[in-house]
Amino acid sequence: MSEIFYPNRDFSKQANVKNMCEYKETCAEVDDDYEGYWDEMAKEKIDWYKPYDKVLDESNAPFYKWFTNGKLNVTHQCIGRHLKSRKNKAAIIWEGEDGSRRIITYLLLFYRVNRFANLLKNKFGVKKGDRVVIYMPMIPEAAFAMLACAKIGAIHSVVFGGFSAEALSDRIKDAKAKVVITADGAFRRGNPYLLKPIVDEALEKGCDSVENVLVVQRNFEEIDMVEGRDHIYNDLIKLESEFCEAEEMDSEDPLFLLYTSGSTGTPKGVQHSGAGYILWAQYTMENVFDVKENDTFWCTADVGWITGHTYIVYGPLAMGATTIMYEGVPLYPNAGRWWKMIEELRINQFYTAPTAIRLLHKVGADEPAKYDLSSLKVLGTVGEPINPDAWLWYYNTIGGGKCPIVDTWWQTETGGHIVSPLPGATPIKPGSATFPLPGIKAEIIDKEGNPTPKGEKGLLCITKPWPSMIRTIWGNPDRFVKSYFGDCKKDGKPVYFSGDAAIYDDDGYIFITGRTDDVINVSGHRLGTAEIEGVIGHEEHVAEVAVVGKPDDIKGEGVFAYIVTKKEIDEESLLKNINKLITKDIGPIARTDGILLVPGLPKTRSGKIMRRILRSIAKGEEITQDISTIEDSSIVGIIEKLFKSKK
Ligand code: WTA
């Protein structure tokens, strides 16, 4: 589809960036003086305790440093500085799945975070630089916990509540966390579920660094408490003072770790630092979502992912906006839940994943008509490419044909949006993330840095350092350099490669085509196929396994495994066994949708599995790759036949 959707004129008039001329002017300004531009932004947007000496320090590339020797505290940016003019404004509006609501004003948020920070500091001895793991459902205390860490300079690592005990324990161990913050449980699809027992199980797996566990009571379930180690938040928090001195943090002190999947091995602890990250969070809120003082912003992600970090917590609060937090699932009690919330809370900007749009379109196409969605101004998507059908439904039915859709491309590692339309300026082509934001150098190139010709696939790279970039992989600087700066160069210098491939169309619009590595994107969640293979390989009947993504109408991609067995078993039973193991070792998000039993896997003579071929088969594509290097090339035809006969 090549139709172009122009910004709504009335919207453009009031937008922060009003047209493409303004966009191009800013890009030219940035080209002239890159550091000057970011200097101006950092001065304008951040409330510094002490100014920085230097905008960008490239002396130890790719370990770039931004705003060196500046001092700040992110919670002052997100809470403290708003108390003068916004103390009674809603900072967070939380809605439980049962419909109950909590409204936390900026002043109340200030007190909550201070008490929480005092509790961590006074009761558990948490100091600057200590790691705190947060394993929480979607309740305001998750945000309080993150901000409490930031207030005292502790480094938080939020682990998505859907991960299993095994996955949680790996993350706790890697970060050597001192404290784990969790909840007794929460509600999902109308039912209570428990989280604390998962923490107990995780801690049995040798997490020696953990001294204390703090448990927020959400649904007041009966849970086991370990004497001396476990504490009830609801009791302790009352004892703490509402005032807490913020730690003076250096620009480059780490703010948080967030574990994400890589193409090989264990998950990587992506490390972000305070100043550059918070600047980016605010900059993108203003420019990409065009949020204004009285707007109500809703990002439907979970705080366990980067989208939740930047666009539920840090971004909206940094700019003093009102952010919505919803506990439950979109289909509870029916597929109209989100649209009802948009009507009742008069949401102005709504940000979600294509997978959710496809699901709500499929199961509840008639629901939106029952609600008044006219408060909406900007719609956003993230996490995966959006297909034209879903895009058009979102645009016409949810946005009433008047709201621009910002298709935002970015990653855990980038901290915030990188390639995205500006809602008042960019003519939009459905399925395209359009152009890099002003101030960022994102380019599609080959490994040597040559621009890719229009219409041809190339590598999506960010060729200049940017303020909110990943600083390192926690505890593994070599892996950081290798993973991100090992593949592509420009002008002889290593540049950041995202792992994604993309195409410029004839007008220079960027279309993301997907990962080039062994990472798959299931419902917008990033999963490493190597991790899943590791788990499946432990099933007693499995001799060999290769996992790939298989196109799925709702989820974008589903997990699909080709398996060679060593003992006889039928497919159905094997799939059941495998999913049990995956749920236990990773979590239900990585469950396998389908398997195919095969007599062998295509391998190179050196024994490497040729996953590209298996990917093509799963996608139903013709095999165009050279298969002459395969040890036994007949296997490709056999697998293809088996795959087709299964369909
Ligand atoms: C994919 C999520 C197409 C991409 C913020 C990227 C997208 C990975 C888009 C990062 C988009 C993200 N269009 N693909 N608009 N946004 N992706 O770290 O493959 O969970 O590398 O961050 O999601 O996933 P992550």
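The rules behind each value
- Residues numbered from 1 in each chain as written.
- Predicted model: local features only at pLDDT ≥ 70, side-chain atom pairs only at ≥ 80, totals over all residues.
- Heavy atoms only, no water.
- Phe/Tyr/Trp six-rings, centres within 6.5 Å; stacked < 30°, edge-to-face > 60°.
- Buried < 20%, exposed > 50% of the residue type's maximum accessible area, 1.4 Å probe, protein only.
- Lys NZ or Arg CZ within 6 Å of the ring centre and 35° of its normal.
- Pairing = 2+ DSSP bridges.
- Helix = DSSP H or I, 4+ residues; strand = E, 2+ residues; numbered from the N terminus.
- Patch = residues over 30% accessible without salt bridge, like charges linked within 9 Å, V, L, I, M, F, W, Y side chains within 5 Å.
- Areas by Shrake-Rupley, 256 points an atom, 1.4 Å probe, with all protein chains shown as cover.
- Salt bridge = Lys/Arg side-chain N within 4 Å of Asp/Glu carboxyl O.
- Lys, Arg positive; Asp, Glu negative; His and termini not counted.
- Charge placed at Lys NZ, Arg CZ, Asp CG, Glu CD.
- Right-handed = clockwise from strand over helix to strand, strands pointing away.
- Near = heavy atom within 4 Å.
- Polar contact = N/O pair within 3.5 Å; in protein donor to acceptor, adjacent residues only side chain to side chain.
- Nonpolar A, V, L, I, M, F, W, Y, C, P; charged D, E, K, R; others polar.

Draft legend 1. Looking closely at the packing of aromatic side chains. In the structure shown here, the tally under the stated rule is 45 aromatic pairs. On the basis of an interplanar angle of 75° and a centroid distance of 5.2 Å, the ring pair of Tyr37 and Trp38 is categorised as edge-to-face. For the pair Tyr37 and Trp38, one class covers both residues: buried. Ring-pair connections join several aromatic residues into one group, and the members of that group are Phe63, Tyr64, Trp466, Phe480, Tyr484, Phe485 and Tyr496. Arg171 extends its terminal NZ or CZ atom over the ring of Phe163, reaching a point 4.3 Å from the ring centre. One cation-aromatic arrangement involves Lys464 over Tyr34; the distance from NZ or CZ to the ring centre is 4.8 Å.

Draft legend 2. Broad picture of the sheet that holds strand 23 (residues 472-473). Here eight strands make up an open sheet; going across it, the order is 12-11-8-6-7-14-15-23 and the pairing mixed. Edge positions in the open sheet fall to strand 12 (230-232) and strand 23, since each of these has one partner strand only. The pairing of strand 14 (residues 254-260) with strand 15 (residues 268-273) spans six bridges and is classified as antiparallel. Counterpart to Phe256 in the pairing with strand 15 is His272.

Draft legend 3. Expanded view of a negative patch on the surface. The grouping of Glu25, Glu29, Asp32, Asp33, Glu35 and Glu40 at the surface amounts to a negative patch. Take the negative patch: its biggest share by element is three residues, from helix 2 (residues 20-32). Mapped onto the elements, Asp33 comes out in the loop between helix 2 and helix 3 (34-45).

Draft legend 4. How the structure looks around the pairing of strand 20 (residues 405-408). In strand 20, alternate side chains face the same way, and those of Ile405 and Asp407 on one face and Val406 and Thr408 on the other are all buried. Between the parallel elements strand 19 (residues 378-382) and strand 20, the chain passes through helix 15 (residues 388-398) in a crossover that is right-handed.

Draft legend 5. Fine view of the pattern of salt bridges. Enumeration according to the criterion identifies 41 salt bridges in this entry. Between Lys13 and Asp10 there is a salt bridge, with the nearest N and O atoms lying 3.7 Å from each other. Of the two residues, Lys13 and Asp10 both sit in helix 1 (residues 9-14), three residues apart, roughly one turn of that helix. Among the ionic pairs, Lys493 bridges to Glu58, the shortest N-O distance being 3.9 Å. Of this pair, Lys493 sits in strand 25 (residues 493-504) while Glu58 sits in the loop between strand 1 (54-57) and strand 2 (65-68), placing them 435 residues apart in sequence. For Glu58, a relative accessible area of 36% puts it in the partly exposed group. Members of the salt-bridge network, linked through shared partners, are Glu95, Arg101, Arg337, Lys340 and Glu344.

Draft legend 6. Broad picture of the site of the ligand. The ligand sits among 17 residues. The nearest are Asp407, Thr408, Thr412, Asp500 and Arg526. Note that an oxygen atom of the ligand is positioned 2.9 Å from one of the side-chain N or O atoms of Gln411. Here an oxygen atom of the ligand and a side-chain polar atom of Thr412 are 2.6 Å apart. At the level of elements, helix 12 (306-318), strand 20 and strand 26 (510-515) are the ones that each hand at least two residues to the shell around the ligand. Considering only residue class, the shell around the ligand consists of six nonpolar, six polar and five charged.

Nothing here speaks to function; it is all geometry.
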